[in-house]
Amino acid sequence: MKAIVCLFATLFCMATQAGPVAYKVERVVYPRSDSYGDDLNGLGQPLAQVGISATVLQEKSVPLPSREEFSPLILIGTEGVTSQASLYEFEKRCEFLCGDEAEECHHTALINYNGQAIGTPLLALVGLAGEISGFQKVEPGDADPTTEFSIPETTLVWPPDNFLALDFGGGKVNFSAGKTGKGAYSYDAGAPDCKLISYTNTGFSRLSCNGVEFLLHEQQPLLMSYADYNISSVQVLNTFQVNGQAYYTVLLALKAYTAYGILTLDETGWRFIVKPADWAQLC
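Residues numbered from 1 in each chain as written. Predicted model: local features only at pLDDT ≥ 70, side-chain atom pairs only at ≥ 80, totals over all residues. Heavy atoms only, no water.

Colleague: Give a detailed account of the overall build of the chain, specifying residues and quantitative values.
Modeller: Helix and strand content of the chain: 1 helix and 23 strands. Across the 283 residues of the chain, 49% fall into the buried class. A separation of at least 24 residues holds for 55% of the contacts in the chain among residues at least 6 apart in sequence. About 14000 Å² of surface is accessible on the chain, with carbon and sulfur atoms providing 48% of the total. (Helix = DSSP H or I, 4+ residues; strand = E, 2+ residues; numbered from the N terminus. Buried < 20%, exposed > 50% of the residue type's maximum accessible area, 1.4 Å probe, protein only. Contact = heavy atoms within 4.5 Å. Areas by Shrake-Rupley, 256 points an atom, 1.4 Å probe, with all protein chains shown as cover.)

This is the structure we're talking about:
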């Protein structure tokens with residue numbers, strides 16, 4: 001199982017490395033400080049720990065990125081976004097997934113964001129520079145029970161090189177999806193209790209059904225979550241601008257892993273910047 005999870009994630013990581021990279025924040029840590037200062041517990045400024053990559057893939061060691069690759073750096077949280085962030089240090093993180101068998105390890109980076117009030121850090125966007133403005137939370141509206149529409153076979157932004165076709169109405173959806181040129185790999189003859197939830201003033205909507213979710217923009221399907229060993233979910237969380245271009249923070253449930261990524265529209269079309277884990281999540 002471990003090998004399958006690693007291979008699945010690795011293939012998608014390879015497809016998403018051009019341009020900026022989005023690293024998911026795994027946790028926030030508080031290092032010990034050399035002096036107590038105002039903090040009676042002797043803790044330093046919080047650091048966001050982001051997952052980078054496996055330490056070993058296909059029996060070959062995976063090198064760390066250079067420190068220079070972590071500049072420029074933008075850190076996005078639940079309440080704001082900041083470019084006042086920098087690499088503190090790299091750290092290898094390991095855990096036992098299968099009892100006392102060998103540890104599963106991966107590279108991480110600790111990001112210092114100088115105590116900026118951005119809420120809970122979600123992801124670090126590396127390799128994108130510019131003036132940041134217009135941070136807003138994106139709020140879902142009420143579900144619309146009356147909407148009906150059909151979408152012909154359309155290429156998705158995620159999963160890459162996949163297509164989707166669907167009919168939605170009466171709280172049910174019929175859909176087919178698959179890898180372009182290889183035919184459909186899944187079909188649902190009428191998932192019950194589907195809801196179409198619009199995100200206010202964005203053009204985005206989330207089609208949520210039993211076991212599968214889709215993100216659409218003006219009824220164009222962009223992302224699909226059809227996750228094994230996870231609860232399928234795709235949600236828009238917030239938006240901000242870099243040099244006037246809008247970026248959207250998106251939660252996307254993948255196989256055995258929940259990722260955070262950045263969705264944006266440029267001159268080439270919609271682009272999803274995401275880096276799934278290429279280390280095992282399951283025993």
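Colleague: How would you explain the pattern of salt bridges if you had to name every residue and give the values?
Modeller: Tallied over the full model, the rule gives 4 salt bridges. As a salt-bridge pair, Arg93 and Glu26 come within 2.9 Å of each other at their nearest N and O atoms. A residue pair is termed long-range when its members are at least 10 positions apart, and Arg93 in strand 7 (residues 86–95) and Glu26 in strand 1 (residues 21–29) qualify at 67 residues. Residue Arg93 is classed as partly exposed on the basis of its relative accessible area, which comes to 27%. Judged by relative accessible area, Glu26 falls into the partly exposed class, the value being 26%. Note that Lys137 and Glu79 form a salt bridge whose closest N and O atoms lie 2.7 Å from each other. Taken together, the residues span a long stretch of sequence, with Lys137 in strand 10 (residues 132–137) and Glu79 in the loop between strand 5 (73–77) and strand 6 (81–82) at a distance of 58 residues. (Salt bridge = Lys/Arg side-chain N within 4 Å of Asp/Glu carboxyl O.)

Colleague: Explain the state of the cysteines to me, using residue names and the numbers behind them.
Modeller: Inspection of every chain in the model, using the stated rule, returns 3 disulfides. Each disulfide pairs two cysteine sulfurs, and for Cys94 the partner residue is Cys105, the sulfurs being separated by 2.0 Å. Taking the torsion about the sulfur-sulfur bond, which here is approximately 110 degrees, the covalent link between Cys94 and Cys105 counts as right-handed. Of the two residues, Cys94 is situated in strand 7 and Cys105 in strand 8 (residues 104–112); the sequence distance between them amounts to 11 residues. (Disulfide = S-S within 2.5 Å.)

Colleague: Can you lay out the side chain of His107 for me, pointing to particular residues and giving the numbers?
Modeller: Relative to the helices and strands, His107 is located in strand 8. Since its relative accessible area comes to 11%, His107 is described here as buried. Within the structure, the side chain of His107 is placed 2.8 Å from the backbone oxygen of Val62, a separation counted as a polar contact. Dropping the residues within four chain positions of it, His107 is found in contact with Val50, Gly51, Ile52, Ser53, Ala54, Thr55, Val62, Pro63, Leu64 and Glu91. (Polar contact = N/O pair within 3.5 Å; in protein donor to acceptor, adjacent residues only side chain to side chain.)

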